[in-house]
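Commentary on secondary and tertiary structure
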Amino acid sequence: MTEFADRVHRVKPSFTLEMTSRAAELRAQGVDVINFSAGQPDFNTPENIRQAAKTAMDNGDTKYTAGSGTIELRQAVCEKLKRENQLDVSPDQVLISNGEKQSLYLACQTLFQSGDEVLIFKPYWVSFPEFVTLADATPVLVDTDPKQNFEPDFEDLKSKINDRVKGIIINSPSNPTGSVWANEVIVDLLGMAKENGWIVISDECYERLVFDGEFTSAQKLSDDHQIGANIITCMSMSKTYAMTGWRIGYAFGEKSILKAMSKIQGQATSCANSIGQAASVEALLGDQSAVEMMREKFKERRDLMVSLLNGLPGVSCDTPGGAFYAFPDFSTYIGQTFCGEVIKDSFDLSDVILSEAKVVTVPGDGFGAPGHIRFSYPLGEDVIREGIHRVKKVLENFDNN
Ligand SMILES: Cc1ncc(COP(=O)(O)O)c(C=O)c1O
């Protein structure tokens, strides 16, 4: 048998994508599945953006572009950052990549290596520890407080400080919790990063999906508070414009770092796809009304989802401030039995919910959060109601109920 490189064994598969595949498989078998595992809007990409892609193809924008992205798109990103985030960024500080995921991966490849430690808050998005591992560095998990909006536990953070720490990854609004950290918390983190010489990778892909209050980019907080933190910010077309399949994201920050990231991207994938880049110019500069329409819809669905989850026996769910995930606490069910089988952890619980109710969820243990389950809600309201009704029936059939 062919022997694989060590990194293949070290890296874990993306189990959120696995859950999505399981849902698709069941559906293909004709099973009536409700899928609460999706990490993407259910809307199609807005019409003006689709139209821009068609025009780009007809105009022959079908060739390789500059490795760091077309100048038109990098300029559009700068305009967007000025308009929405009050940030002054120049095109040579911007890298366009194949989805924000690639920007995050490249940032880790560029900045970290063997011997480095990178701080990641748990619950974490599944790819963060893997990006760090793929860069031969070590992810160090830091606790958050579920009772305080999953904000960092600063005591735990301080206990993890040592000379090997090179960077810190933050993600607000968060996948999987949907929580939006208070600006003061981010300011404190940036201050610590500056003091200790850590580079900050700020994943802001859900920046336009904030339901209560205003979003402020970490870079803006650093500027306003004159912190001078070294931040690589990563943003995405995927969630804001319902463009997950187009695979366009971007990063910005210190010029030399972006140049180094671009160098690796050039050898890995050359550039992001030309048609997606042309469509993204329209997305960033054209009519923004679809963004607000989708945000409002997600807010209504969030409120429905949270109220239904809180109606489940023994389950509690705080209201998340952003993204499209609810992250309820099901820990009262861990250790209980269902049909004589002990439910050891949230993997078992998600499995029972899938096999009994044909409802796909994502177990919190996979995000470093035992006892929790992630419910994505980019679904119609009737589907959300039916899905939670099915989960309720499963919970009522636990052995000691
Ligand atoms: C926290 C987080 N960051 C980044 C991404 C990747 O986004 P993109 O589609 O731009 O690669 C996702 C996608 O689910 C995400 O949840």
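These numbers were taken from a predicted model, which means no experiment stands behind them. For every chain, the first residue of its written sequence is number 1, and the numbers climb from 1 along that sequence. Residue-level local features of this predicted model are given only where pLDDT is at least 70; pairs of side-chain atoms are given and counted only at 80 or more, and the full residue set underlies all totals for whole chains, interfaces and linings.

Of regular secondary structure, the protein possesses 14 helices and 16 strands. Over its C-alpha trace the protein gives a radius of gyration of 21 Å, about what one expects of a compact globule, namely 21 Å for 401 residues. Along the longest, intermediate and shortest principal axes, the C-alpha atoms of the protein span 60 × 55 × 55 Å. Remark: C-beta atoms are placed from the backbone, and a residue is labelled buried if 20 or more other C-beta atoms sit within 10 Å of its own, exposed if 12 or fewer do, or partly exposed between those counts. In the protein, which comprises 401 residues, the proportion classed as buried is 49%. Helix and strand definitions follow DSSP, with helices as H or I runs of at least four residues and strands as E runs of at least two, each counted in order from the N terminus. For the radius of gyration, the atoms used are the C-alpha atoms, and the globule rule reads 2.2 Å times the number of residues raised to 0.38.

So, about the sheet that holds strand S9 (residues 230-236). Taken in spatial order, the seven strands of this open sheet run S2-S10-S9-S8-S7-S3-S4, and their pairing is mixed. A strand with exactly one partner marks an edge of an open sheet, and here the two such strands are strand S2 (94-97) and strand S4 (138-142). Averaged over all adjacent pairs, the angle separating strand axes in this sheet is 20°, with direction ignored. If DSSP finds at least two bridges between two strands, the strands pair. For helices, the axis comes from a line fit to the C-alpha atoms of the stretch in contact; other axes are also lines fit to C-alpha atoms, and the angle between any two N-to-C directions lies between 0 and 180 degrees.

On to the domain arrangement of the protein, then. In this entry, domain limits derive from an automatic or database-based domain assignment. Assigned domains of the protein: these are domain 1 (6-31 + 290-396) and domain 2 (47-285). Taking only C-alpha atoms, the centre of domain 1 and the centre of domain 2 are 26 Å apart. The contact rule is simple: place each C-beta atom from the backbone, and if two of them lie within 7 Å, those residues are in contact. Taken together, the contact pairs 28 residues of domain 1 with 27 residues of domain 2. The set of elements that each furnish at least two residues to the side of domain 1 that touches domain 2 consists of helix H1 (6-10), helix H2 (15-28), helix H12 (289-310) and strand S11 (325-326). It is H12 that contributes the most residues to the side of domain 1 that touches domain 2, six residues altogether. For the side of domain 1 that touches domain 2, the per-class residue count stands at 13 nonpolar, seven polar and eight charged. Side-chain classes follow a simple rule in which Ala, Val, Leu, Ile, Met, Phe, Trp, Tyr, Cys and Pro form the nonpolar group, Asp, Glu, Lys and Arg form the charged group, and the remainder, Gly included, forms the polar group.

Further remarks concern the site of the ligand. Neighbouring the ligand are 13 residues, the closest being Gly99, Glu100, Lys101, Ser236 and Ser238. For the shell around the ligand, a count of residues per class yields two nonpolar, eight polar and three charged. In this text, near has one meaning. A residue is near a molecule or strand if its C-beta atom, placed using the backbone, is within 6 Å of it.

Further remarks concern the nonpolar core. Among soluble globular proteins, nonpolar side chains are generally buried collectively. Core analysis: the biggest nonpolar cluster contains 113 residues, and Ala107, Cys108, Ile168, Val200 and Ala251 have the highest contact counts within it. Other than its neighbours up to four places away in sequence, Cys108 contacts Phe131, Val132 and Ala135. Nonpolar core, as used here: buried Ala, Val, Leu, Ile, Met, Phe, Trp, Tyr and Cys residues forming one set through C-beta atoms within 7 Å.

The next thing to look at is the environment of Tyr250. Along the chain, Tyr250 falls in strand S10 (residues 249-252). Under the C-beta neighbour-count criterion, Tyr250 is labelled buried, with 30 such atoms within 10 Å. The spatial distance from the C-alpha of Tyr250 to the C-alpha of Met237 is 8.3 Å, given a sequence separation of 13 residues. With residues up to four places along the chain from it excluded, the contact list for Tyr250 reads Val77, Val94, Leu95, Ile96, Ser97, Ser103 and Met235.

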